[in-house]
Amino acid sequence: KKTVSGVVLDAAGKPVAGAQVARFWGSQKGAMKPFDEATTDDRGQFALGIDNYGHPTALLAIDDEQEHGQLAILDATSLGRPLTLRLQPLITLRGEFFCEELDEAPSWSNVYINVTTNRIRLAEDDSVPSKFELKLPPGEYEISGYGNEEVRGTNRHVTLSVDTPVTNLGRINLAATPIGLHWGKPAPSWNITEARGVGTNVTLADFRGK
């Protein structure tokens, strides 16, 4: 476990106190919640312990008002060098999942946000069934979403820009799985070539209620 230290500054270069810095964040209805975070002091400085340092990882800093943030990608060369994170406006990313084949939304869903550089997992939202809302700095991301066993997962790229402070992806279709397509329907008939304890002419109807 190594310690990464640095300073968080605003757009004017002034220290930001009370900002939280973490490798991974969860969203609860649009409110970002850090995991194993460090908080900047009055000088904007922080120190964060990181396990398995040396693998590519990301640090996301968000101010106390959750209006500004910044992302830093770390690798082995970053060890021992103080970081400077200069905050910029956060972008609200929204969307919802729906299965057109089943004509319904999944009963639950989860979405992971990966930084496209080395597909580093940065954030997730499973707070509202079939919907997601997160706050992220401008940049390139991969969205990885999935739901219950009736639907397939999906991956797609998104570019967040300061020119679009709210990026609404709208309805994202999740294809149905074979289980989803056949749920609640009679099972297809079968053709038995060998059986133990019953004749090869037995049908599904013979087992109804058993």
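Preceding block: the structure.
Residues numbered from 1 in each chain as written. Predicted model: local features only at pLDDT ≥ 70, side-chain atom pairs only at ≥ 80, totals over all residues. Heavy atoms only, no water.

Chemist: Requested: an account of the overall build of the chain, with residues and values cited.
Modeler: Along the chain, the regular secondary structure elements total 1 helix and 17 strands. For the chain, whose C-alpha radius of gyration is 24 Å, the value lies well above the compact-globule estimate of 17 Å for 210 residues. Partitioning the intrachain contacts of the chain with sequence separation of at least 6 by distance along the chain shows that 61% fall at a separation of at least 24. Only carbon and sulfur atoms are counted for the fraction: they give 46% of the accessible area of the chain, which is about 12,000 Å². Here the chain contributes 21 positive and 27 negative side-chain charges, whose respective centroids are spaced 3 Å apart. (Helix = DSSP H or I, 4+ residues; strand = E, 2+ residues; numbered from the N terminus. Rg over C-alpha atoms; globule rule 2.2 N^0.38 Å. Contact = heavy atoms within 4.5 Å. Areas by Shrake-Rupley, 256 points an atom, 1.4 Å probe, with all protein chains shown as cover. Lys, Arg positive; Asp, Glu negative; His and termini not counted. Charge placed at Lys NZ, Arg CZ, Asp CG, Glu CD.)

Chemist: Account for the side chain of Ser-109, with residues named and values stated.
Modeler: Mapped onto the elements, Ser-109 comes out in strand E12 (residues 109–115). Separated by 3.1 Å, the side chain of Ser-109 and the backbone nitrogen of Ser-130 make a polar contact. When residues no more than four places from it in sequence are discounted, the contact partners of Ser-109 are Phe-97, Asp-125, Asp-126, Val-128, Pro-129, Ser-130, Lys-131, Tyr-146 and Gly-147. (Polar contact = N/O pair within 3.5 Å; in protein donor to acceptor, adjacent residues only side chain to side chain.)

Chemist: With reference to specific residues and values, describe the pairing of strand E8 (residues 68–74).
Modeler: As paired strands, strand E7 (residues 57–62) and E8 are joined by 6 bridges and run antiparallel to one another. Bridge pairing in E8 links Ile-62 to Gly-69. In this sheet, strand E10 (residues 88–89) lies alongside E8 in antiparallel orientation, the contact comprising 2 bridges. Within E10, the residue paired with His-68 across the bridge is Pro-89. (Pairing = 2+ DSSP bridges.)

Chemist: Could you give me a rundown of the sheet that holds strand E14 (residues 131–136), with the residues and numbers involved?
Modeler: Strand order in the open sheet made by the 3 strands is E14-E11-E17, with mixed pairing throughout. Each of the sheet's edge strands pairs with one partner strand only, and the pair in question is E14 and strand E17 (166–173). Strand-to-strand twist in this sheet, taken as the mean axis angle between neighbours without regard to direction, amounts to 15°. Across 6 bridges, the pairing between strand E11 (residues 91–98) and E14 is antiparallel. Bridge pairing links Ile-91 to Leu-136 in E14. (Axes fitted to C-alpha atoms, helices over the stretch in contact; angles between N-to-C directions.)

Chemist: Talk me through a nonpolar patch on the surface; I want residue IDs and the actual numbers.
Modeler: A grouping of Trp-190, Val-198, Leu-204 and Phe-207 is seen on the molecular surface, where their side chains present a nonpolar patch of about 340 Å² in accessible area. Residue position: Trp-190 is located in the segment after helix H1 (178–182). (Patch = residues over 30% accessible without salt bridge, like charges linked within 9 Å, V, L, I, M, F, W, Y side chains within 5 Å. Salt bridge = Lys/Arg side-chain N within 4 Å of Asp/Glu carboxyl O.)

The quantities given are spatial measurements derived from coordinates; they are silent on function.
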